[in-house]
Amino acid sequence: MNETLLNITYKAIDDKRGEDIVALNMQGISLLADYFIIAEGSSERQVQAIAREIKEKAEEAGYTVRKLEGFDTARWILVDMGDVVAHIFHKDERAYYNLERLWGDAAQLDAPQADNE
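The structure contained in this document is the topic of the report that follows. Please read all numbers here as calculations on a predicted model, not as lab measurements.

Across its full length, the chain holds 4 helices and 6 strands. Of the contacts formed within the chain by residues at least 6 apart in sequence, a portion of 59% connects residues at least 24 apart. With the model as given, the accessible surface of the chain reaches about 6700 Å², and the carbon-plus-sulfur share is 42%.

Moving on: the pattern of salt bridges. Side chains that differ in charge, positive against negative, can pair when their charged atoms come close. Per the counting criterion, the structure on display carries 9 salt bridges. The salt bridge involving E40 is made with R94; its shortest N-O contact spans 3.3 Å. Placement of the pair is E40 in strand 2 (residues 35–41) and R94 in helix 3 (residues 91–97), with a sequence separation of 54 residues. R94 sits in the buried class, given a relative accessible area of 5%. One continuous salt-bridge network, built from bridges that share partners, spans E44, R75, D92 and E93.

For helix 2 (residues 44–60), with 17 residues, the first-to-last C-alpha span of 24 Å sits near the 24 Å given by 1.5 Å per residue. Three or more residues of helix 2 are buried, namely Q46, V47, Q48, I50, A51, E53, I54 and A58.

The biggest cluster of nonpolar side chains holds 25 residues, and the ones touching the most others in it are I13, I37, I54, V79, M81 and I88. Put simply, the parts of the chain that give this core at least two residues each are helix 1 (2–15), strand 1 (19–25), strand 2, helix 2, strand 4 (76–80) and strand 5 (84–90). Ranked by residue count, the leading element in this core is helix 1, at 6 residues. Those residues in contact with V79 that sit more than four places away from it in its chain are A51, I54, V65, K67, L68, V84, V85 and A86. Core analysis: the next-biggest nonpolar cluster, separate from the first, contains 10 residues, V22, M26, F89 and L99 among them.

What follows is about the environment of L31. By the secondary structure assignment, L31 is in the loop between strand 1 and strand 2. Take L31: its relative accessible area is 90%, and that puts it in the exposed class. Considering only alpha carbons, one finds L31 and D83, 52 residues apart in sequence, at a separation of 9.5 Å.

So, how was this worked out
Residues numbered from 1 in each chain as written. Predicted model: local features only at pLDDT ≥ 70, side-chain atom pairs only at ≥ 80, totals over all residues. Heavy atoms only, no water. Helix = DSSP H or I, 4+ residues; strand = E, 2+ residues; numbered from the N terminus. Contact = heavy atoms within 4.5 Å. Areas by Shrake-Rupley, 256 points an atom, 1.4 Å probe, with all protein chains shown as cover. Salt bridge = Lys/Arg side-chain N within 4 Å of Asp/Glu carboxyl O. Buried < 20%, exposed > 50% of the residue type's maximum accessible area, 1.4 Å probe, protein only. Expected span 1.5 Å × (residues − 1). Core = buried A, V, L, I, M, F, W, Y, C linked by side-chain atoms within 4.5 Å.

Structure representation (structure tokens):
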């Protein structure tokens, strides 16, 4: 189930041309979520479009988006879906926060395979 939501999230990011997508397995590392998925967009408008797409696709599949933070400024939007949390950064902010390094103990996952491609 968590992997399905992870795949939906990955595909939503990819569909909106999100870049440098990284999925981290947070199981046993963080109590916040089983997976973090981190990506970036090149403009505020693109970052918002990615977050909106994640929300729409997750809800279409029957998942609940618990929280959507940072949408108005679109420098770092957090989409909390419970077991999966997406962090969508503006490209200028990504390196500053460097979540991959912060959560360096987490295993990086391979890109999910799209179901119907």
